[in-house]
Amino acid sequence: MGGTVTQDVTCEVKGAIGLITLNRPKALNALTLGMIEVMAPVLKDWAADDSVQAVVIRGAGDRAFCAGGDVRAVWDAGKAMQRGEGDGALTATFFAEEYRLNRRIKRFPKPYLAILDGITMGGGVGLSVHGSHRVTTEKTLFAMPETGIGLFPDVGGTYFLPRLPGQLGTYLALTGARVQAADLHYMGIGTGHIPSDKVDALVDLLAGSDLSGGDPHKRVDDLVATFEASVGEPTLPGHREAIDRCFAAGTVEDILAALVQEGSEWADATAKTILSMSPTSLKLALAQMRRGVELDFDDAMRLEFRMMQGCMRGQDFYEGIRAVLVDKDRNPKWSPASLEEVDAGMIESHFTLPTAGELAFED
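Residues numbered from 1 in each chain as written. Predicted model: local features only at pLDDT ≥ 70, side-chain atom pairs only at ≥ 80, totals over all residues. Heavy atoms only, no water.

S.K.: I tried to follow the packing of aromatic side chains on my own but got confused; where do I start?
M.R.: Two numbers describe a pair of aromatic rings. These are the distance of the centres and the angle of the planes. By the definition in use, this model includes seven aromatic pairs. When the ring of Tyr 171 is compared with that of Trp 266, the centres are 6.0 Å apart and the planes differ by 40°; the resulting orientation is tilted. A residue pair is termed long-range when its members are at least 10 positions apart, and Tyr 171 in helix H6 (residues 168-175) and Trp 266 in helix H12 (residues 265-275) qualify at 95 residues. Across this residue pair, the class does not change: Tyr 171 and Trp 266 are buried. Aromatic ring contacts, followed pair by pair, group Phe 94, Phe 95 and Tyr 99 into a single cluster. The positively charged end of Arg 163 is found above the aromatic ring belonging to Tyr 159, 3.9 Å away from the centroid. (Phe/Tyr/Trp six-rings, centres within 6.5 Å; stacked < 30°, edge-to-face > 60°. Helix = DSSP H or I, 4+ residues; strand = E, 2+ residues; numbered from the N terminus. Buried < 20%, exposed > 50% of the residue type's maximum accessible area, 1.4 Å probe, protein only. Lys NZ or Arg CZ within 6 Å of the ring centre and 35° of its normal.)

S.K.: Please explain the UniProt feature "domain: Enoyl-CoA hydratase/isomerase" (unreviewed entry) in the protein as it appears in this structure.
M.R.: In the numbering used here, UniProt assigns the "domain: Enoyl-CoA hydratase/isomerase" (unreviewed entry) feature to residues 17-351. When the span residues 17-351 is considered, its composition is 49% helix and 10% strand, and the gap between its end C-alpha atoms is 40 Å. (UniProt positions renumbered as here; feature names shortened; annotations may be inferred.)

S.K.: Before we go on, may I ask you to explain helix H9 (residues 216-225) in this structure?
M.R.: For an α-helix the count is 3.6 residues per turn, leaving residues at separations of three or four pointing the same way. Among the residues making up H9, those that are buried are Val 220, Leu 223 and Val 224. Projected down its long axis, H9 carries its buried residues within an arc of 100°, all on one side. The elements touched by buried residues of H9 are strand E6 (112-116), strand E8 (133-136), strand E10 (192-193) and helix H8 (199-207). With a side-chain oxygen lying 2.9 Å from the backbone nitrogen of His 217, the N-terminal cap of H9 falls on Asp 215. (Arc of directions from axis to C-beta. Contact = heavy atoms within 4.5 Å. Polar contact = N/O pair within 3.5 Å; in protein donor to acceptor, adjacent residues only side chain to side chain.)

S.K.: How should I be thinking about the pattern of salt bridges in this particular structure?
M.R.: Pairing is possible between side chains that carry opposite charge, provided their charged atoms lie close to one another. In the structure shown here, the tally under the stated rule is 18 salt bridges. With a closest N to O distance of 2.8 Å, Arg 306 and Glu 358 form a salt bridge. Pair noted here: Arg 306 is in helix H14 (residues 297-313) and Glu 358 is in the segment after helix H16 (344-348), with a separation of 52 residues, a long-range link. (Salt bridge = Lys/Arg side-chain N within 4 Å of Asp/Glu carboxyl O.)

S.K.: Explanation requested: the nonpolar core in the structure shown.
M.R.: Generally speaking, a soluble globular protein has its nonpolar side chains buried in company with each other. Counting residues in each nonpolar core, the largest one holds 95 residues, and the members touching the most others are Ile 20, Leu 22, Met 39 and Leu 127. Broken down by element, this core gets its largest block of residues, nine residues, from H14. When sequence neighbours within four positions are dropped, the list of residues in contact with Met 39 reads Val 9, Cys 11, Ile 20, Leu 22, Leu 31, Ile 57, Leu 101 and Leu 127. (Core = buried A, V, L, I, M, F, W, Y, C linked by side-chain atoms within 4.5 Å.)

S.K.: Would you mind going over the layout of surface pockets with me for this structure?
M.R.: Empty space within the largest pocket amounts to approximately 1,100 Å³. Elements with a minimum of two residues in the lining of the largest pocket: helix H2 (71-82), helix H3 (90-106), strand E7 (119-121) and helix H15 (316-326). Broken down by class, the residue content of the lining of the largest pocket amounts to 22 nonpolar, eight polar and 10 charged. Estimated volume of the second largest pocket: approximately 340 Å³. Around the second largest pocket, the lining comprises 17 residues; the ones closest to its centre are Lys 44, Arg 100, Arg 103, Arg 104 and Glu 362. For the lining of the second largest pocket, the secondary-structure elements that each account for two or more residues are helix H1 (33-48) and H3. The element contributing the most residues to the lining of the second largest pocket is H1, with six residues. (1 Å grid on protein atoms, 1.4 Å probe; cavity = no way out; pocket = protein on both sides within 12 Å on 5 of 7 lines; lining within 4 Å. Points joined across faces, edges and corners; volume = space filled by probe spheres on them. Nonpolar A, V, L, I, M, F, W, Y, C, P; charged D, E, K, R; others polar.)

S.K.: Would you mind showing me how to read the sheet that holds strand E9 (residues 141-143) here?
M.R.: What links the strands of a sheet is backbone hydrogen bonding, and the strands pair in either a parallel or an antiparallel sense. A sheet is described by the order of its strands in space; here three strands give the open sequence E5-E7-E9, paired in parallel fashion. The open sheet has two edge strands, strand E5 (64-66) and E9, and neither has a second partner. Averaged over all pairs of adjacent strands, the angle between strand axes in this sheet comes to 15°, irrespective of strand direction. Direction of pairing for E5 relative to E7: parallel, over a ladder of two bridges. Within the sheet, the bridge partner assigned to Ala 64 lies in E7 and is Ile 119. (Pairing = 2+ DSSP bridges. Axes fitted to C-alpha atoms, helices over the stretch in contact; angles between N-to-C directions.)

Here it is in structure tokens:
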């Protein structure tokens, strides 16, 4: 099979592997709908192609794997629709196609190795965490920062975050905490760690190896271990008891109260961070974490599509993107402005069937 090349993503067969390179380095490899539409059919083909023994996905440049989805394009479409210009289709289409791609990665039948060499946030998490292997480097910076832009941790966050140890998933979901490689391994997300300057050598080694005999997943692990480096000491264990204690509470208000009661510098800083986020997003994300424990992956993605369409009907996403990416004043005016003003019915409305319908999957 020949290579598929666009300006923003390349998909090529290199020896034994299918190699995907996210190619928007100036935009930190942020994921566009066009990139998704290239990758999805290629992954479907590679799953059925015996000559492709594994898939490797990496980001171009030296700063990021993928800093997230192209939410500015979604913002533009939604704002245009509010002005009576266009149908705003991207506000549904982008997320539907992104979530279907996340599912294709989750169900991929061969080793799927993401190299998290740099910033990995939001949509970049969805491109990596659901595959079989997540290789970190000293540049890795991982976060789900969506509550800071009026959204919630999507791209499968409903499924994988509640399954992290203790209350770490709820902590990540509400705070948008940025974590490095050692903490990713502590949480069980990282599966290997190599120096950044060995990424090309690892790709070449995987491409030149026969992965077909025995357990191909173990074979990939063994090849990654060729370049294994020390990941260092994680920081989360020092706060783990407090995280599990505080973030087990049933409401965001109770979580904040528990953090105040902790009285530590870390707890005070964490509470301050939470209070800067969208109050609606905080309550929505906590409801998401509690529901996600019971859901299988497909139902988690269907729920996320419902939730996202609820966010597209609201105000905080548009205000969050304005403050972070448009005007860049970093001073969002959330509406409602306080947790007390966000009622249960407002949150529940995000879980109802949207006008775009239920998210459908192609098997």
